[in-house]
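Tertiary structure, described
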Amino acid sequence: MDETGSEQTSLLILVVDDEPNIRKTLTISLEAEGHRVAAVSNSRDALMEARRRHFDLALIDLRLGAESGMELITALHASCPWMKSAVITAYASIDSAVEAMRRGAFDYLPKPFTHDQVALLVRKVVEVRTLEQKIEALQEVLRQAAPEADFTSGSPSMQHTLAMARQVAASEATILLRGESGTGKTILARAIHTWSPRASKPFGTVSCPSLSAELLESELFGHVKGAFTGAVRDTPGRIAACEGGTLLLDEIGDLPLSVQAKLLRVLQEKTYERVGGLETRKADLRIIAATNMDLESAMKAGRFREDLFYRLDVVEINIPPLRERREDILPLAERLLAFFAGQNHRRVLGFTEEAGEVLLRYRWPGNVRELRNAVERAVLLCNGERVGVECLQLRLGPGEPSLSLGDLVSLERIEEAHIRRVLAVTKSIEEACRVLDMDSVTLWRRRKKYGI
Ligand SMILES: Nc1ncnc2c1ncn2[C@@H]1O[C@H](COP(=O)(O)OP(=O)(O)OP(=O)(O)O)[C@@H](O)[C@H]1O
């Protein structure tokens, strides 16, 4: 911690100056403050470095021999939009300062400068980067408007899962999270990131089944301008956006084979190329993969690479389904109820005894997601202070009356019931897709929506 109480962050800094002495002095002085530095003497090398790594800050000399550092500011910002730049010059003038700021420079430092001036500038950049990352994280939280995740449990198997997650969070190990849909793999992955030393860096998620192979490849690795129709500019991709942080690959079992080979290289060599690009880039991120699929069968069927599996499965964490941790159902339901009652300005204080019994007896095939949806719906339907069974709308076993076409219910209820029944009697997702005449991405979205 520094004197302002904020945590020290190590930046990756690019120094561009044609004077060897300045490069050397700046490198020593910045490294002494705990930052990592790459120092180059010209624009070409600077741009090459910026394409390979993700710098937080560039210190740019305005006169690089015959070249102009001013042009370099523009080019560097185009290649790394999140990077901050500062001009260092022996020819300081108001005009050049204004011009540098107009091109997006963050600060301006006339030569000769002292170690303290540089340290102050870098501290300002750390503060701004930290704030920017906090804002991004908060925006994500707001978007989800979700109740706070609860990482306490009364169930021994879940306690074991949570203890293991906390323990491995501190390491760099790749993690494979396994569990049925809706058990909380995504929120546990996010928690592992926040418990890890990478917490101040970005966290990103890519849902493997939600995109075609081509789009997924570009989403992960980025692409260069002109790589395909519609690629109008260079795009960094999620691996670059999560530089220094954590990337969750959700439903990894659906990763197409062509992308599996490239991901394997990221895990083994920490390198990759953008789609359509020749430049080999470095990747510094932790990968967490999540799946509810039987990856062993997928390997036997030749749909999942064995070498990738063993690379991902360094630490395996299993999240038990909700029906196997019944101790957690009522505490979770109560917390969710309090959250949704508050969000909807309803005075709903709890569940009736009978509703509590139904919550405990129900099998929860959609796990916590289904519980969350059921409680949210119940809050909206409830007219009294306690949620009764009639508001839960849960179907308990075979005795429960089934829906028929023409019943006075919404189309969504019919769709949900139909998808549930087809999934229950088909042997694979592929077969269910054929019966429903739905592609796997659409079916995945529906399952997510209905908590199936
Ligand atoms: N411990 C928990 N506390 C509060 N909410 C939870 C908890 N676990 C899961 N949830 C909620 O349940 C829902 C599903 O969680 P999440 O998306 O993490 O599951 P998942 O296992 O990744 O599902 P899928 O495999 O379908 O992607 C989310 O709305 C999440 O907020």
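Being a predicted model, the structure only gives us computed values, none of them experimental.

Reading guide: rules and limits
Residues numbered from 1 in each chain as written. Predicted model: local features only at pLDDT ≥ 70, side-chain atom pairs only at ≥ 80, totals over all residues. Pairing = 2+ DSSP bridges. Helix = DSSP H or I, 4+ residues; strand = E, 2+ residues; numbered from the N terminus. Axes fitted to C-alpha atoms, helices over the stretch in contact; angles between N-to-C directions. Contact = placed C-beta atoms within 7 Å. UniProt positions renumbered as here; feature names shortened; annotations may be inferred. Buried ≥ 20, exposed ≤ 12 C-beta atoms within 10 Å, placed from the backbone. Near = placed C-beta within 6 Å. Nonpolar A, V, L, I, M, F, W, Y, C, P; charged D, E, K, R; others polar. Domains from an automatic or database assignment. Right-handed = clockwise from strand over helix to strand, strands pointing away.

One open sheet accounts for five strands, arranged S9-S10-S13-S8-S14; its pairing is parallel. Of all the strands in the sheet, just strand S9 (203-207) and strand S14 (315-318) have a single pairing partner and so form its edges. Neighbour-to-neighbour, the strand axes of this sheet turn through a mean angle of 20°, independent of strand direction. As defined by bridge partners, strand S10 (residues 246-250) adjoins strand S13 (residues 286-291) across four bridges and the pair is classed as parallel. Paired with Thr 246 across the bridge in S13 is Arg 286. Each of strand S8 (175-178) and S14 touches helix H6 (residues 156-169); the most contacted strand, S14, lies at about 150° to it.

Per the UniProt annotation, the sites labelled "modified residue: 4-aspartylphosphate" (unreviewed entry) are Asp 61. Positionally, Asp 61 belongs in strand S3 (residues 57-61). The exposure class of Asp 61 is buried, given the 23 C-beta atoms found within 10 Å. Each residue touching Asp 61, except ones within four places of it in the same chain, is listed here: Val 16, Asp 17, Asp 18, Gly 69, Ile 88 and Thr 89.

A word on the site of the ligand. Within the structure, the ligand sits among 19 residues, and Ser 181, Gly 184, Lys 185, Thr 186 and Val 368 are positioned closest to it. Within the residue set of the shell around the ligand, elements represented by two or more residues are helix H7 (185-195) and helix H15 (367-381). Its residues assigned to classes, the shell around the ligand comprises six nonpolar, seven polar and six charged. In terms of domain composition, the shell around the ligand takes at least three residues from each of domain 2 (156-320) and domain 3 (323-400).

Right, let's get into the pairing of strand S1 (residues 12-16). Summarising burial for S1: four of the five residues are buried, a large majority. Where S1 lies against strand S2 (residues 36-40), five bridges are found, and the strand directions are parallel. The residue bridging Leu 14 from the neighbouring strand is Ala 38, located in S2. With helix H1 (residues 20-32) bridging S1 and the parallel S2, this β-α-β connection has right-handed handedness. Sheet topology places S1 next to S3; four bridges connect them, and they run parallel. Across the sheet, the residue bridging to Ile 13 is Leu 57, located in S3.

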